[in-house]
Amino acid sequence: MGHPDKALLIELMDFPRQKILQGMELAYCPHAGFFNPVDEQCIYCHQGMECVWMNHNDKLVALEQKDYQALKQQLLIALDYIDSSLTPHHLSRRNCECDNCVWMRKVSKVLALETV
Ligand SMILES: [Zn+2]
């Protein structure tokens, strides 16, 4: 099959889900974080990317139903998000033991299994 278990990817979604939720300013959202694709406020919202991600990957969404490629795609978006939220302090992240860096190494390792 050549790719890791979907359950592993779903498990890895937990960390960015918490991070993105913490980073979102839901106090300013008239929809309490529920993305509405036909609402102009949602389309032009500065939190658009985080919000769309959350609404695709919330615990309420049946992630098991998604195929591997879809899960991988969402995980890569989350990887970018976490990566760009890090300060330059983390640039030597090979040695960094913070939860962000540990998670990013885990994801890279899991996704790298695909080519084996
Ligand atoms: Zn770090």
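Novice: Mind showing me how you'd approach helix α4 (residues 48-57) here?
Specialist: Think of an α-helix as turning once every 3.6 residues; residues three or four places apart then point the same way. Of the positions making up α4, those classed as buried are E50, C51, W53, M54 and N57. Along the axis of α4, the buried positions cluster into a sector of 165°, meaning they face one direction only.

Novice: Please clarify how the environment of K106 should be interpreted in this entry.
Specialist: Here K106 shows up in helix α6 (residues 99-112). Residues K106 and L12, 94 residues apart in the sequence, show an inter-C-alpha distance of 8.2 Å.

Novice: Hey, could you run me through the environment of V52 in this one?
Specialist: With respect to the secondary-structure elements, V52 resides in helix α4. Judged by the 15 C-beta atoms lying within 10 Å of it, V52 falls in the partly exposed class. With 17 residues separating them in the primary sequence, V52 and F35 have C-alpha atoms 6.3 Å apart.

Novice: Help me out: how do you make sense of the packing of helix α5 (residues 68-85) against α6 in this one?
Specialist: Two packed helices can be described by the angle between their axes and the distance between those axes. At their nearest, the axes of α5 and α6 sit 11 Å apart, and the two run at 150° to each other. Comparing the axis directions of α5 and α6 gives the class roughly antiparallel. When the axes of α5 and α6 are compared, the crossing they make is left-handed. Facing K72, L75, L79, I82 and D83 of α5, the residues of α6 in contact are N100, W103, M104, V107 and L111. Along the lines of polarity and charge, the residues of the contact of α5 with α6 split into seven nonpolar, one polar and two charged.

Novice: Before we go on, may I ask you to explain the confidence of the model for the protein chain in this structure?
Specialist: Low-pLDDT stretches of the model should not have their predicted coordinates read in fine detail. Overall, the predicted model of the protein chain reaches an average pLDDT of 83, with 90% of residues at or above 70. Mean pLDDT across the secondary structure elements of the protein chain bottoms out at α4, with 82, and peaks at helix α1 (residues 6-12), with 92.

Thresholds, definitions, all that
Residues numbered from 1 in each chain as written. Predicted model: local features only at pLDDT ≥ 70, side-chain atom pairs only at ≥ 80, totals over all residues. Buried ≥ 20, exposed ≤ 12 C-beta atoms within 10 Å, placed from the backbone. Helix = DSSP H or I, 4+ residues; strand = E, 2+ residues; numbered from the N terminus. Arc of directions from axis to C-beta. Axes fitted to C-alpha atoms, helices over the stretch in contact; angles between N-to-C directions. Parallel < 35°, antiparallel > 145°, perpendicular 65-115°, else oblique. Left-handed = near helix turned anticlockwise from the far one by under 90°. Contact = placed C-beta atoms within 7 Å. Nonpolar A, V, L, I, M, F, W, Y, C, P; charged D, E, K, R; others polar. pLDDT = per-residue confidence, 0-100.

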